Amino acid sequence: MVSGSVQQSPFVSDFLQKCGGYAVVDGGFATELERHGADLNDPLWSAKCLVTSPHLVRRVHLDYIDAGANIILTASYQATIQGFEAKGYSTEEAEGLLRRSVEIACEARDIYYDRCTKDSCDFIDNGSTSRRPLLVAASVGSYGAYLADGSEYSGNYGDAVSLQTLKDFHRRRVQILANSGADLIAFETIPNKLEAKAYAELLEEEEIHIPAWFSFNSKDGINVVSGDSILECASIADSCKQVVAVGINCTAPRFIHGLILSVRKVTNKPVIIYPNSGETYDANRKEWVQSSGVRDEDFVSYIGKWRDAGASLFGGCCRTTPNTIRAISRVLSNKSSQSLN
């Protein structure tokens, strides 16, 4: 374990304690929207549904809450001011849609709390009954996600994209989401060290007041997809005081264990992991294709090992489902119960 790391945030440690020592994050979003009938063949991808099908966005959030998620991510991964403007929306409309992504997630949480019974969502904590903790994380996708050309899976933005380019691109979006009512900001699928540095500097410069997590993606289990060292990338996250958790997403399950160990070498902050189904994204065909992937039940069988390696927040990314999250929640509940006995 690294020494001299920034101390763990009381925000996360308190939250994890309320959850029983671990937390469950939701799963794949776009594929669930498609399963409910949404057509996402658009540069806006899942963010398109903020305009056309907000009821489906709310439904998917509720599906994941019902499955046991403690953290739901907003449908803003692909939602950028520049992307909405390119589709003909005004700046004001684009900013409103970013805020709306958080509102819909908060509405889903409120609906769940309103309808749930003591048996379905309460738990006993020190002899008293409490509601299951539920946080809304405002999702921020990478610059490559906005480009919609697959570069979020390569991290290759070209020499013309500088640190300042990335900060200028993300600044207003981060400002809006930080003041939208979300509990934290999730910087997801970070493909290179440059973008991690841009996020860290933005959080400092804008004095963002809500916590954040940084989550990187890898295709070899050693580096992030650009080839930058996961150790260097996680160190950037560790050095930023607003970052309260560091981890890995949209990465094949077979690489997760080694990546958890790598991240733990450079940070004492909680480790979050939410891998994809093990399939590979084909940017040219714009679809997921079978590789040496794993099925949901195999993916879930790794959770205990990942927890033992040091992860404390678990979910799924692309191609995972509420069934995946339900199974993760069940495994962790069983493991937590065993540790108490």
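Residues numbered from 1 in each chain as written. Predicted model: local features only at pLDDT ≥ 70, side-chain atom pairs only at ≥ 80, totals over all residues. Heavy atoms only, no water.

Going by the annotation in an unreviewed UniProt entry, the name recorded for the chain is Hcy-binding domain-containing protein, with Acer negundo given as the source organism. One UniProt comment on the chain, placed under Cofactor (unreviewed entry), says "Zn(2+)". (UniProt positions renumbered as here; feature names shortened; annotations may be inferred.)

Summing up its helical and strand segments, the chain has 15 helices and 12 strands in all. Across the 341 residues that make up the chain, the buried fraction comes to 58%. Restricting to contacts in the chain with at least 6 residues of sequence separation, those with at least 24 account for 77%. Carbon and sulfur atoms make up 46% of the accessible area of the chain, which amounts to about 13900 Å² in all. (Helix = DSSP H or I, 4+ residues; strand = E, 2+ residues; numbered from the N terminus. Buried < 20%, exposed > 50% of the residue type's maximum accessible area, 1.4 Å probe, protein only. Contact = heavy atoms within 4.5 Å. Areas by Shrake-Rupley, 256 points an atom, 1.4 Å probe, with all protein chains shown as cover.)

Now for the environment of H257. Relative to the helices and strands, H257 is located in helix α12 (residues 253-266). Ignoring anything within four residues of it in the chain, the contact list for H257 reads K305, W306 and A309.

Turning our attention to helix α1 (residues 10-19). Taken as a whole, α1 has its buried residues at V12, F15, L16 and C19. Mapping the buried residues of α1 onto a view down its axis gives an arc of 95 degrees, with all of them on the same face. Away from the buried face of α1 by more than 90 degrees, exposed residues P10 and Q17 are located. Where α1 is buried, its residues touch β1 (23-24), β2 (71-73), β5 (135-140), β8 (243-249) and β12 (311-314). (Arc of directions from axis to C-beta.)

The parallel open sheet is built from 8 strands, whose spatial order is β1-β12-β9-β8-β7-β6-β5-β2. Looking at which strands have only one partner, the edges of the open sheet turn out to be β1 and β2. The sheet contact formed by strand β9 (residues 271-274) and β12 spans 3 bridges and is parallel. Within β12, the position partnered with I273 by the bridge is F314. (Pairing = 2+ DSSP bridges.)

At their nearest, the axes of helix α10 (residues 193-205) and helix α11 (residues 230-239) sit 9 Å apart, and the two run at 5 degrees to each other. In terms of their interaxial angle, α10 and α11 are classed as roughly parallel. In this structure, α10 uses K193, A196, K197 and A200 to contact α11, whose residues at the interface are E232, C233 and I236. (Axes fitted to C-alpha atoms, helices over the stretch in contact; angles between N-to-C directions. Parallel < 35°, antiparallel > 145°, perpendicular 65-115°, else oblique.)

Under the UniProt annotation, "binding site: Zn(2+)" (unreviewed entry) lies at C250, C317 and C318. The annotated residues occupy 69 residues of the chain but converge on a single region, no pair of C-alpha atoms lying more than 6.3 Å apart. Within the secondary structure, C250 sits in the loop between β8 and α12. Position of C318 among the secondary structure elements: in the loop between β12 and α15 (322-340).

What follows deals with empty space enclosed by the protein. On inspection of all chains with the given rule, the structure shows 1 cavity of 30 Å³ or more. Of the pockets and cavities examined, the largest cavity occupies roughly 70 Å³. Residue lining of the largest cavity: F11, V12, F15, I71, L135, L184, W213, V244, A245 and L313, and that is the complete set. Counting only elements with at least two residues in the lining of the largest cavity, the list comes to α1 and β8. Here the lining of the largest cavity takes 3 residues from α1, the largest share from any one element. A breakdown of the residues in the lining of the largest cavity according to their chemical character gives 10 nonpolar, no polar and no charged. (1 Å grid on protein atoms, 1.4 Å probe; cavity = no way out; pocket = protein on both sides within 12 Å on 5 of 7 lines; lining within 4 Å. Points joined across faces, edges and corners; volume = space filled by probe spheres on them. Nonpolar A, V, L, I, M, F, W, Y, C, P; charged D, E, K, R; others polar.)

Here T74 is to be found in the loop between β2 and α5 (81-86). Reaching out from T74, the side chain makes a polar contact with the side chain of S76 at a distance of 2.6 Å. (Polar contact = N/O pair within 3.5 Å; in protein donor to acceptor, adjacent residues only side chain to side chain.)

A few words now on the packing of aromatic side chains. Summed over all chains, the structure comprises 13 aromatic pairs. With a centroid separation of 6.2 Å and 45 degrees between ring planes, the pair formed by Y112 and Y113 is classed as tilted. For Y112, a relative accessible area of 4% translates into the label buried. Consider the rings of F299 and W306, whose centres lie 5.8 Å apart with planes at 55 degrees: the pair is tilted. F299 sits in the buried class, given a relative accessible area of 1%. (Phe/Tyr/Trp six-rings, centres within 6.5 Å; stacked < 30°, edge-to-face > 60°.)

On to helix α9 (residues 163-178). Across its 16 residues, α9 extends 21 Å between first and last C-alpha, which sits within 8% of the 22 Å expected from 1.5 Å per residue. Those residues of α9 lying buried are L163, L166, K167, F169, H170, R171, R173, V174, I176, L177 and A178. Contacts made by the buried residues of α9 are with α5, α6 (91-115), β5, α8 (143-147), β6 (184-190) and α10. (Expected span 1.5 Å × (residues − 1).)

Note on placement: S312 falls in strand β12. Taking the relative accessible area as the measure of exposure, S312 reaches 12% and is therefore buried. Leave out the neighbours within four places in its chain, and S312 touches L16, G21, Y22, A23, P270 and V271.

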